[in-house]
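Structural description and commentary
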Amino acid sequence: MNSHNKSSLVLMEMIIAILFFSLSAGVCVQLFLRSRQIDQDSTDLIHATDLSRNIAEVYKNGTLKSHYPYDSSNNLYYDRSWNRTVKSSVYTVHLTFKTNSMDIKVSDHDGSIYSLKVTKYHQQTRK
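Quantities reported herein were computed from a predicted structural model and do not represent experimental measurements. (Residues numbered from 1 in each chain as written. Predicted model: local features only at pLDDT ≥ 70, side-chain atom pairs only at ≥ 80, totals over all residues. Heavy atoms only, no water.)

**Some details on the overall build of the chain**
Counting its regular elements, the chain contains two helices and five strands. N-terminal to C-terminal, the α/β element order of the chain is α-α-β-β-β-β-β. Over its C-alpha atoms the chain spans a radius of gyration of 28 Å, topping by over 25% the 14 Å that the globule rule assigns to 127 residues. Each of the three principal axes of the chain carries a C-alpha extent, and together these read 110 × 30 × 20 Å. Each of the 127 residues in the chain was classed as buried or not, and the buried ones make up 23%. Long-range pairs, those at least 24 residues apart, make up 33% of the contacts in the chain with a sequence separation of at least 6. Split by element, the accessible area of the chain, about 9700 Å² in all, is 58% carbon and sulfur. The centroid of the 15 positive side-chain charges in the chain is displaced by 11 Å from the centroid of its 11 negative side-chain charges. (Helix = DSSP H or I, 4+ residues; strand = E, 2+ residues; numbered from the N terminus. Rg over C-alpha atoms; globule rule 2.2 N^0.38 Å. Buried < 20%, exposed > 50% of the residue type's maximum accessible area, 1.4 Å probe, protein only. Contact = heavy atoms within 4.5 Å. Areas by Shrake-Rupley, 256 points an atom, 1.4 Å probe, with all protein chains shown as cover. Lys, Arg positive; Asp, Glu negative; His and termini not counted. Charge placed at Lys NZ, Arg CZ, Asp CG, Glu CD.)

Here's what the structure looks like:
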């Protein structure tokens, strides 16, 4: 009877240890998945800010349409690797033109990634 109680305790201890390790493994997997998502989000933000800055500089130089030919809806499309595409994209850059300014909004299927307002000043010459 005494050996039966000892074997039950050992079995119970093993079950608790296995439960603890499986819970720990579950937490570690969730941490790895979350870190992958954070890495992807930061990579998208870096690409979106670089692209917006480039578009803003070209806009200020007055050669936007020749460097970044946007469609009739004022959109530019990019695939997962941030290469230009014609349609069906992962990332969309929407340009909103105003008098002497432009808004740049970079978004993906989940929503907005980055936005930038660009103002273009025209230098006036004195006569």
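Once the structure has been displayed, the description carries forward.
**A word on the side chain of Asn-75**
Residue position: Asn-75 is located in strand β1 (residues 75-78). At 3.4 Å, the side chain of Asn-75 forms a polar contact with the side chain of Tyr-77. The contact partners of Asn-75, leaving out residues within four places of it in the chain, are Tyr-70, Thr-92, Val-93 and His-94. (Polar contact = N/O pair within 3.5 Å; in protein donor to acceptor, adjacent residues only side chain to side chain.)

**Let's talk about the nonpolar core**
Residues Ile-55, Leu-64, Val-93, Leu-95 and Ile-104 are the most contacted members of the largest nonpolar core, which totals 20 residues. Residue assignment for this core shows that the elements contributing at least two residues are α1 (2-61), β1, β3 (91-98) and β4 (101-108). Broken down by element, the residue count for this core peaks at six residues, all from α1. When residues no more than four places from it in sequence are discounted, the contact partners of Ile-55 are Leu-64, Tyr-68, Leu-76, Val-93, Leu-95, Met-102 and Ile-104. (Core = buried A, V, L, I, M, F, W, Y, C linked by side-chain atoms within 4.5 Å.)

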